[in-house]
Amino acid sequence: MSFRALIHVQHLLGTGHVVRAAAIGKALAAEGVDVTLASGNRIPPTLDTGPLRIIELPACKSPDAAFKRLVTLDNEDVDETWKSARVKASIQALEAAHCDLLLTETYPFGRRQLDFEMTPLLEAARRRSRPPLIATSIRDILVRKKQLWKERWMADQALTYYDRILIHSDPNFIQLADSFPFAAEVDHLVRYTGYVGGGERPPAEGFDGEDEVIISCGGGAVAESLLSAALEARPLSRRAEDTTWRILIGHDISDDAFAIYRSSAIDGVVVERARRDFPELLKRARLSVSQAGYNTVLDILVASVPAVFVPFAQINETEQTQRAEALAKHGRAIVTPEENLTPERLAGAIDDALALPRNRHSVRLGGAEDSARILLQDLKERQS
């Protein structure tokens with residue numbers, strides 16, 4: 001018997017969530033599962049979704065790093081009419097998929113602002129004559145909440161609705177208890193998969209990336225301070241002023257803003273849009289400079305390239321700082337705060353990072369494939 005799966009994903013600022021969801025979907029598809037990916041935001045053009053059936057839900061995003069509001073892609077606040085349409089679309093996707101597996105990315109360990117949609121979706125799944133296996137897919141580190149009741153709510157939702165919690169990390173590196181106070185209560189549902197990503201990408205063109213400093217910012221929506229400092233830091237570096245600096249700018253930054261960044265580049269600095277061959281560029285590079293998002297950090301670990309992290313830490317964000325500091329403890333990176341970042345401070349961090357050894361700290365990969373294996377085993381046991 002072949003299985004059907006529905007994966008629900010919502011990215012609000014960066015693109016890491018949909019990248020991981022698509023990777024798991026493709027791994028399930030490779031095992032013969034019919035996979036539908038329901039996305040609550042526009043899928044980035046650099047992402048290959050392969051054999052997945054895509055459903056575009058009414059799209060929303062966060063207008064800023066506070067994550068207090070949801071807006072449409074036209075920056076209009078969502079209203080009750082929009083919410084009703086979103087709930088209807090998600091439940092229709094569930095019904096159309098006839099799924100044996102419902103996988104929600106992040107929720108309930110984040111995305112609480114989508115609970116107006118997610119609890120009805122979960123209830124609809126439970127009401128089916130043959131309810132699907134319900135699993136959640138979460139990254140290595142959760143954003144800590146100031147109010148403990150919010151984390152209590154996460155655990156309660158997981159215990160009420162979920163059969164499996166997949167954590168995409170290496171437990172020898174980072175565990176759920178490192179960022180979630182109720183980890184022990186949900187431990188019986190948890191399986192660690194290793195990091196999701198690190199798969200094959202297109203080869204880099206020509207000699208691009210060779211001995212370069214590669215500056216990247218994911219989608220780019222919250223990277224202004226890093227990009228501005230990087231444009232001016234090259235002549236201030238003692239160890240990297242003699243090589244090309246390549247600044248890769250994501251598609252969340254408008255064409256007008258991109259044109260300004262490009263026109264501001266000095267000699268020796270190349271500014272271009274984000275590239276699908278980014279992981280291959282890193283393997284050739286002298287150094288990586290970036291924020292500390294999940295996918296970027298994974299690419300850096302695989303490439304074994306020295307790194308400078310400027311973790312995104314606006315408002316109440318703690319996830320990237322914690323991830324960056326974990327790598328720094330392993331001697332893999334230099335961390336410099338985003339607040340009051342200057343070209344001088346960035347150049348100093350780059351010089352410090354280039355004094356680090358080319359460390360090959362082994363990290364558990366294959367998270368998408370292990371996720372598919374775990375979920376298929378759960379489905380088979382449920383069937384029997």
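Being a predicted model, the structure only gives us computed values, none of them experimental.

Caption draft 1: Examining the pairing of strand E4 (residues 101-105) more closely. Buried residues dominate E4, accounting for five of its five residues. By the alternation rule, side chains of E4 split into Leu 101, Leu 103 and Glu 105 and Leu 102 and Thr 104, which are all buried. Bridge count for strand E1 (residues 4-9) against E4 is four bridges, and the pairing is parallel. Its bridge partner lying in E4, Ile 7 is registered against Leu 103. Bridge count for E4 against strand E5 (residues 133-138) is five bridges, and the pairing is parallel. Bridge assignment links Leu 101 to a residue of E5, and that residue is Leu 133.

Caption draft 2: Region of interest: helix H2 (residues 80-97). Between its first and last C-alpha atoms H2 spans 26 Å; for 18 residues at 1.5 Å apiece the expected length is 26 Å, and the two agree. Within H2, burial applies to Trp 82, Arg 86, Val 87, Ala 89, Ser 90, Ile 91, Ala 93, Leu 94 and Ala 97. Buried residues belonging to H2 abut E1, strand E2 (34-39), strand E3 (53-56) and helix H3 (115-127). Just past H2, the residue His 98 takes up positive phi, approximately 45°.

Caption draft 3: Quick look at the environment of Ser 2. Topologically, Ser 2 is positioned in the segment before E1. Assessed through its relative accessible area of 53%, Ser 2 is described here as exposed. Measuring from C-alpha to C-alpha, the distance between Ser 2 and Val 33 comes to 6.2 Å, with 31 residues separating the pair along the chain. In contact with Ser 2, other than residues within four places in its own chain, are Gly 32 and Asp 100.

Caption draft 4: The arrangement of the sheet that holds strand E12 (residues 307-309) in detail. With parallel pairing, six strands are arranged side by side in an open sheet as E10-E9-E8-E11-E12-E13. Two strands close off the open sheet at either side, each with one partner strand: strand E10 (269-273) and strand E13 (333-335). Here the average twist between neighbouring strands, direction ignored, is 20°. The sheet contact formed by strand E8 (residues 213-216) and strand E11 (residues 287-290) spans three bridges and is parallel. Along E11, the bridge assignment pairs Ile 214 with Ser 288.

Conventions used here
Residues numbered from 1 in each chain as written. Predicted model: local features only at pLDDT ≥ 70, side-chain atom pairs only at ≥ 80, totals over all residues. Heavy atoms only, no water. Buried < 20%, exposed > 50% of the residue type's maximum accessible area, 1.4 Å probe, protein only. Helix = DSSP H or I, 4+ residues; strand = E, 2+ residues; numbered from the N terminus. Pairing = 2+ DSSP bridges. Expected span 1.5 Å × (residues − 1). Contact = heavy atoms within 4.5 Å. Axes fitted to C-alpha atoms, helices over the stretch in contact; angles between N-to-C directions.

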